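# Observations on the three-dimensional arrangement
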Amino acid sequence: MLPAMTTSVATSPLAIHGGSKAVTVDMPDLFHWPIVTKEDEDAVVAVLRTGRMSGTEITKEFEKEWAAFNQTKYALGTCNGTAAIHAAMWACGVGAGDEVICPSMTYWASAAPALMLGAAVNFADIDRDTLCINPADIEHRIGPRTKAIVCVHYTGHPCDMDAIMPIARKHGVKVIEDVSHAHGSLYKGRMVGTIGDIAPMSMMGGKGFAAGEAGMIVTNDHALYERAVAFGHYERTGVAPRYNPADTSVTSADLKTYAGMPMGAAKHRMNQTCSAFGRSQLKRFPERLQIIQSAMNRFWDLLDGVPGIKAHRPAKNSGSTMGCWYAAAGLYRAEELDGLPIEKFCEAVTKEGPLCGPAGNLALHLHPYFHTADIFHQGKPTMIAFGQRDVRQGPGTLPVSESIRKICFGIPWFKHDRPEAIKQFATAFRKVAENADALR
């Protein structure tokens, strides 16, 4: 039973100053993820009992079902999202001396595999409202060795694909959509991951679609699919391995020359405990997706017009959605609160009940890995070791990415749509924002 919200809570002194907390509800399952049922458990246990963890038959069924959900021709399971991105880059022809363009504001796996292929990363800045790669910062970065643009649908927000795709097509550059944050997100009615050339994604245990430690690639391009298979799935290139039957996923004469060996010298096979769990989760995923979207939109609707904070979501009626709202965040506008530091705002919100803090990844273009790491022991940084032009960037070059923890804060990630509970959490943010004068 939820306690009724009263006017006194909303107008009482801030909790950080001794007032009543806005959030009094105790519902641990409101945020617990993934939701695991007896059916999920049975699916995993069945794999363990048959000893088919390293098989492929369940994974192939999962691939078919995931392709159908995403409305793509092909899906390929991998051991994790990093492997999926690595294979997707190689499939797109990324190699020694090449470049990829990637937003600086993302998890390292969106970019680091490029260096393992001998390529460099030319980082682009993000848009202040979407937190996704800024299309206006892409074209001038394209050079003669640019092979791909990595579009990260950050925390579920779709990139501006209508602006990005014409740039890529004009220059003959592939588009890799990193969907790790955005399972189920729509861009103008289309599933993200179906607009570019190929889309890798993570399905690790904390993601919006969690299959354990797993990854997936989707594409409508048969050649890219075959190359991704050949990169890390040695047993799916036409040669019968010890544990699984011969597979003819790869028909390319060039790739079949190396049948039985992974071109990436990597084993990307998905553990079938993960694929069995993923298949079971997928049955309920569309329903759970709608519940999360309803809950998260309810939260932001209650905060519409509150100064200093802004919803990180596409415009209503745009046909675009946030999918699972992975790592849900809000946009902070200190200038609307007379310069109140985000740290003080978040501290006060946390005292009201919700955990809140400055959010966002560390800007990758500033990390030493992309400046000085000599991965192949060549005596020079890998970013310039294969004859690439020097695209390394220092502080001040990507100002929005570098300011992420001044303009972005974490919000509750609701897994159930419980209006009265959500109202309490929204009240906490409203209370602090509307009483910002008391914090200065």
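Remember, it's a predicted structure, so these values are computed and weren't measured experimentally. (Residues numbered from 1 in each chain as written. Predicted model: local features only at pLDDT ≥ 70, side-chain atom pairs only at ≥ 80, totals over all residues. Heavy atoms only, no water.)

### Considerations on the sheet that holds strand β10 (residues 309-311)
Taken together, the three strands give an open sheet; going across it, the order is β10-β11-β12, and neighbouring strands pair in antiparallel fashion. Taken across any chain shown, the strands that pair with only one partner, and hence form the sheet edges, are β10 and β12 (408-410). Within this sheet the neighbouring strands show an average axis-to-axis angle of 40°, counted without direction. Note: strand β11 (residues 329-332) against β12, three bridges, orientation antiparallel. Within β12, the residue paired with L331 across the bridge is C408. Packing against the sheet, helix α10 (residues 342-352) makes contact with β10, β11 and β12, and its axis sits at approximately 15° to β12. (Pairing = 2+ DSSP bridges. Helix = DSSP H or I, 4+ residues; strand = E, 2+ residues; numbered from the N terminus. Axes fitted to C-alpha atoms, helices over the stretch in contact; angles between N-to-C directions. Contact = heavy atoms within 4.5 Å.)

### What about the nonpolar core?
W66, V121, M161, M203, M216 and F370 are the most contacted members of the largest nonpolar core, which has 94 residues in total. No other element matches helix α4 (residues 81-91), which puts seven residues into this core. Ignoring anything within four residues of it in the chain, the contact list for F370 reads A111, A112, L115, V121, F123, L364, M383 and R392. L340, C356, F414 and V432 belong to the second-largest nonpolar core, a separate cluster that totals 44 residues. (Core = buried A, V, L, I, M, F, W, Y, C linked by side-chain atoms within 4.5 Å. Buried < 20%, exposed > 50% of the residue type's maximum accessible area, 1.4 Å probe, protein only.)

### Considering the environment of F123
In this fold, F123 is placed in strand β3 (residues 120-124). Considered as a pair, F123 and I133 are ten residues apart in the sequence and their alpha carbons are 9.4 Å apart. For F123, the contacting residues outside a window of four places in its chain are C102, P103, S104, A111, R141, L364, H365, F370, Q393 and L398.

### As for the layout of surface pockets
When its volume is computed, the largest pocket comes out at roughly 680 Å³. What lines the largest pocket is a set of 40 residues, among which T155, Y326, A327, A328 and W413 lie closest to the centre. For the lining of the largest pocket, the secondary-structure elements that each account for two or more residues are α4 and β12. Ranked by residues supplied to the lining of the largest pocket, first place goes to α4 with three residues. Taken together, the residues that form the lining of the largest pocket break down as 23 nonpolar, 13 polar and four charged. (1 Å grid on protein atoms, 1.4 Å probe; cavity = no way out; pocket = protein on both sides within 12 Å on 5 of 7 lines; lining within 4 Å. Points joined across faces, edges and corners; volume = space filled by probe spheres on them. Nonpolar A, V, L, I, M, F, W, Y, C, P; charged D, E, K, R; others polar.)

### What to know about unusual backbone geometry
Peptide bonds are trans in most cases, and residues, glycine excluded, mostly fall at negative phi. The amide bond that connects W33 to the next residue, P34, takes the cis arrangement and shows omega of -5°. Looking at where P34 falls in the secondary structure, it is placed in the loop between α1 (7-11) and α2 (38-50). For K188, which is not a glycine, the phi torsion comes out positive at approximately 50°. Turning to its location among the elements, K188 is positioned in the loop between β6 (186-187) and β7 (190-191). For A327, which is not glycine, the phi torsion reads 50° and is therefore positive. Relative to the helices and strands, A327 resides in the loop between β10 and β11. Taking relative accessible area as the criterion, A327 reaches 37% and is therefore assigned partly exposed.

### Comments concerning α4
Within α4, ten of the eleven residues are buried, which leaves it mostly tucked inside the rest of the structure. Among the residues making up α4, those that are buried are G81, A83, A84, I85, H86, A87, A88, M89, W90 and A91. Looking one or two residues past α4, G93 carries a phi angle of roughly 90°, positive in sign.

### Some words on the packing of helix α9 (residues 272-302) against helix α13 (residues 419-434)
Two elements in contact, α9 and α13, have axes whose closest approach is 9 Å; the angle formed by their N-to-C orientations is 40°. By the criterion of interaxial angle, the relationship of α9 to α13 is oblique. Relative to α13, α9 is oriented so that their crossing is right-handed. Taken together, the residues of α13 that come into contact with α9 (itself represented by A295, R298, F299 and L302) are P419, I422, K423, F425, A426, F429 and R430. (Parallel < 35°, antiparallel > 145°, perpendicular 65-115°, else oblique. Left-handed = near helix turned anticlockwise from the far one by under 90°.)

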